[in-house]
Amino acid sequence: MKIKSAVERAAIATPATMASTVRGLSDRAIAWLFIGPTMLILLAINIFPLIWTIKLSFTNYRANRPNAPVVDLGIDNYVSVLTDPDIWLAMQNTAHFLFWTILLQMVIGFTLAYLIDRKFRGHGFWTTMILIPMMLSPAVVGNFWAFLYQPQVGLFNYAAAFLSGVPASSFSMLGSVQLAPWAIVIVDTWMWTPYVMLICLAGLRSIPDYIYEAAEVDRASKWRQFWSITLPMVMPFIMLAVLFRGIENFKMFDMVNLLTSGGPGSATELASITLKREAFEKWRTGYSSAFAIILFVAVFGLANMYVKALNYVKNR
C-alpha cells in the first residue's frame, strides 16, 4: 500500500474547492503553512518587545509622560547605568544571592538524590514529600515564610532559639541588614532544592549498573566508585541544574519582593527589583530599558560560555 504524502493527506482533509490548491504545494510549503502562524506569534511576543526596548534605551522616554518630546541620548543611558553605584550594589546583592543559593541547592540536592537513589524502604513517600515545596507558587512561599520569619509568632525564630539559646524575639530575619540576605537564600534553597534533586536523580539513574559491577570486580572501594564513576557521569546533569537555577535566580523577583521588597534599606534589592523601581516607580523608561538590555546581554553571554563548557564536559 502506497503511503500518502503530507500534501495528499492535507488535500483530503480540506474542502473540495481548496483541495486542488493544496495538492499543488510541496511538503515544505505545507509545513511552513502550519508553523507560520505560530512563528509570527512568537516573533510578535518576543522579538518585537526586545527591538522596542533597544530603541527606547537610547532615549529619555518616560511611560508616564507619553506626550513629552522624546530626545535621542545616544549611549548616555548605558553609561549612566554602568556608573551608577546603586546599580552595582544591586548587582553585588544578586551575586551574593546567586552564589549561595546555587551552592546550597547543589550540595543539598545532590546529597538527597544520592540518598534516594539507594531505594530504601519508603523512598517513594519521602521523594514526594521533598518535592512539595517546588510545587507551590512563589506567592504562597513568600507569604508562608514571611509568617514563619515573624519575630513574635514565627516558628523560625523559636527553632533558632531552641538550637542556639538566643531569645526568639531578639532578632528579626527580615528586619536585619545582616540577616535579610540570608533569609531569602534560605527560602529559595528550601523551595528549589527539590528541582535540583530531580535533575541529579535522573543523572544517577542513567548510570548503567554494569559499570559498578565491573568496578566491584576490580575491588574498587565505594569512595573510589563515587569519585571515578558517579561524580564524573553525573557532572553534566549537575552543570545543567546550575545553568537552569542560575538563569532563574538572576531574574528572581516575585519571592524576594513579597518577603522584603528589597529591604531593609537596600540589603536584598536584587537587579530585578532595581529594574522594577526604575521602570515603574521612578518611570525612567529609557534608563530602565538600557539596564534591561545590559542584564540580557550579561545573562546571554555568560549562559553561552557556560553551555560551551557543558558541551565540553559531555563530550569528554
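Scroll up for the structure.
The structure displayed is predicted, hence computed values, not measured ones. (Residues numbered from 1 in each chain as written. Predicted model: local features only at pLDDT ≥ 70, side-chain atom pairs only at ≥ 80, totals over all residues. Heavy atoms only, no water.)

Q: Any chance you could explain the overall build of the protein here in plain terms?
A: For the protein, the helix and strand inventory stands at 14 helices and 0 strands. On C-alpha atoms alone, the protein measures out to a radius of gyration of 26 Å, which is more than a quarter above the 20 Å that the 2.2 N^0.38 rule sets for 316 residues. In terms of principal-axis extent, the alpha carbons of the protein reach across some 85 × 75 × 35 Å. In the protein, 64% of the contacts between residues at least 6 apart in sequence involve partners at least 24 apart. Approximately 19,100 Å² of the protein is accessible, and the part contributed by carbon and sulfur atoms is 69%. Seen as two clouds, the 24 positive and the 17 negative side-chain charges of the protein have centres 7 Å apart. (Helix = DSSP H or I, 4+ residues; strand = E, 2+ residues; numbered from the N terminus. Rg over C-alpha atoms; globule rule 2.2 N^0.38 Å. Contact = heavy atoms within 4.5 Å. Areas by Shrake-Rupley, 256 points an atom, 1.4 Å probe, with all protein chains shown as cover. Lys, Arg positive; Asp, Glu negative; His and termini not counted. Charge placed at Lys NZ, Arg CZ, Asp CG, Glu CD.)

Q: Help me out: how do you make sense of the environment of L56 in this one?
A: Tracing the chain through its elements places L56 in helix α3 (residues 27–56). Along the backbone, L56 and L73 are 17 residues apart, and their C-alpha atoms lie at a distance of 9.9 Å.

Q: I'm lost on helix α9 (residues 180–205) in this one. Help?
A: For an α-helix the count is 3.6 residues per turn, leaving residues at separations of three or four pointing the same way. In this model, α9 (26 residues) spans 38 Å end to end at C-alpha, consistent with the 38 Å of a helix rising 1.5 Å per residue. At W192, α9 shows its largest bend, some 40 degrees, and a proline, P194, comes one to four positions later. (Expected span 1.5 Å × (residues − 1). Bend = angle between axes of the 7 residues up to and from the residue.)

Q: Help me out: how do you make sense of the packing of helix α10 (residues 209–217) against helix α11 (residues 222–250) in this one?
A: The description of two helices packed together rests on the angle between their axes and the distance between the axes. Close contact between α10 and α11 brings their axes to 11 Å; oriented N to C, the two are set at 150 degrees. It follows that α10 is roughly antiparallel to α11 by the angle criterion. By crossing handedness, the relation of α10 to α11 is classed as right-handed. Contact residues: α10 offers I211, Y212, A215 and E216, while α11 offers K222, Q225, I229, T230 and M233. (Axes fitted to C-alpha atoms, helices over the stretch in contact; angles between N-to-C directions. Parallel < 35°, antiparallel > 145°, perpendicular 65-115°, else oblique. Left-handed = near helix turned anticlockwise from the far one by under 90°.)

Q: What exactly am I supposed to notice about the packing of aromatic side chains here?
A: Any pair of aromatic rings gets described here by the distance separating the centres and the angle formed by the planes. One pass over the structure, following the stated rule, counts 20 aromatic pairs. Judged by centre distance (6.0 Å) and plane angle (90 degrees), the ring pair of W192 and Y195 falls under edge-to-face. Taken together, the residues W192 and Y195, both in helix α9 and 3 residues apart, mark about one turn of the helix. One aromatic cluster is present, formed by F110, Y114, W223, F226 and W227 through successive ring pairs. (Phe/Tyr/Trp six-rings, centres within 6.5 Å; stacked < 30°, edge-to-face > 60°.)

Q: Could you clarify how one ought to interpret a nonpolar patch on the surface in this entry?
A: A cluster of nonpolar side chains, namely L115, F120, F125, W126, M129, I132, L136, V140, F144 and W190, defines an oily patch on the protein surface of about 910 Å² accessible area. For the nonpolar patch, the secondary structure elements donating two or more residues are α6 (123–135) and α7 (138–148). If one sorts the elements of the nonpolar patch by residue count, α6 sits on top with 4 residues. The residue W126 is located in helix α6 in this model. The exposure class of W126 is partly exposed, given its relative accessible area of 47%. (Patch = residues over 30% accessible without salt bridge, like charges linked within 9 Å, V, L, I, M, F, W, Y side chains within 5 Å. Salt bridge = Lys/Arg side-chain N within 4 Å of Asp/Glu carboxyl O. Buried < 20%, exposed > 50% of the residue type's maximum accessible area, 1.4 Å probe, protein only.)

Q: Hey, could you run me through the packing of α7 against α9 in this one?
A: It is the contact of α7 with α9, at a shortest axis distance of 11 Å, that shows an interaxial angle of 130 degrees. Comparing the axis directions of α7 and α9 gives the class oblique. Note on packing geometry: the crossing formed by α7 with α9 is right-handed. Here P138, V141, F144 and W145 of α7 lie close against α9, whose contacting residues are I186, V187, W190 and M191. Here the residues of the contact of α7 with α9 are counted per class, giving 8 nonpolar, no polar and no charged. (Nonpolar A, V, L, I, M, F, W, Y, C, P; charged D, E, K, R; others polar.)

Q: Before we go on, may I ask you to explain the pattern of salt bridges in this structure?
A: Side chains that differ in sign of charge can pair as their charged atoms come close. By the definition in use, this model includes 10 salt bridges. Put simply, R277 and E281 hold a salt bridge, and the shortest N to O gap is 3.5 Å. You can call E281 partly exposed: its relative accessible area is 43%. Residue R284 pairs with E278 through a salt bridge whose shortest N-O separation is 3.2 Å.

Q: Can you help me understand unusual backbone geometry in this one?
A: Excluding glycine, residues mostly carry a negative phi; peptide bonds, for their part, are mostly trans. Following G263, the chain continues to P264 via a peptide bond in cis, the omega torsion being -5 degrees. Mapping P264 onto the fold places it in the loop between α12 (254–259) and α13 (271–280). Despite not being glycine, R219 shows a phi value in the positive range, around 60 degrees. Mapping R219 onto the fold places it in the loop between α10 and α11. Phi at W283 is positive, roughly 55 degrees, even though this residue is not glycine. Structurally, the position occupied by W283 is in the loop between α13 and α14 (285–315).

Honestly, that's just the spatial picture; any functional story needs more than this.
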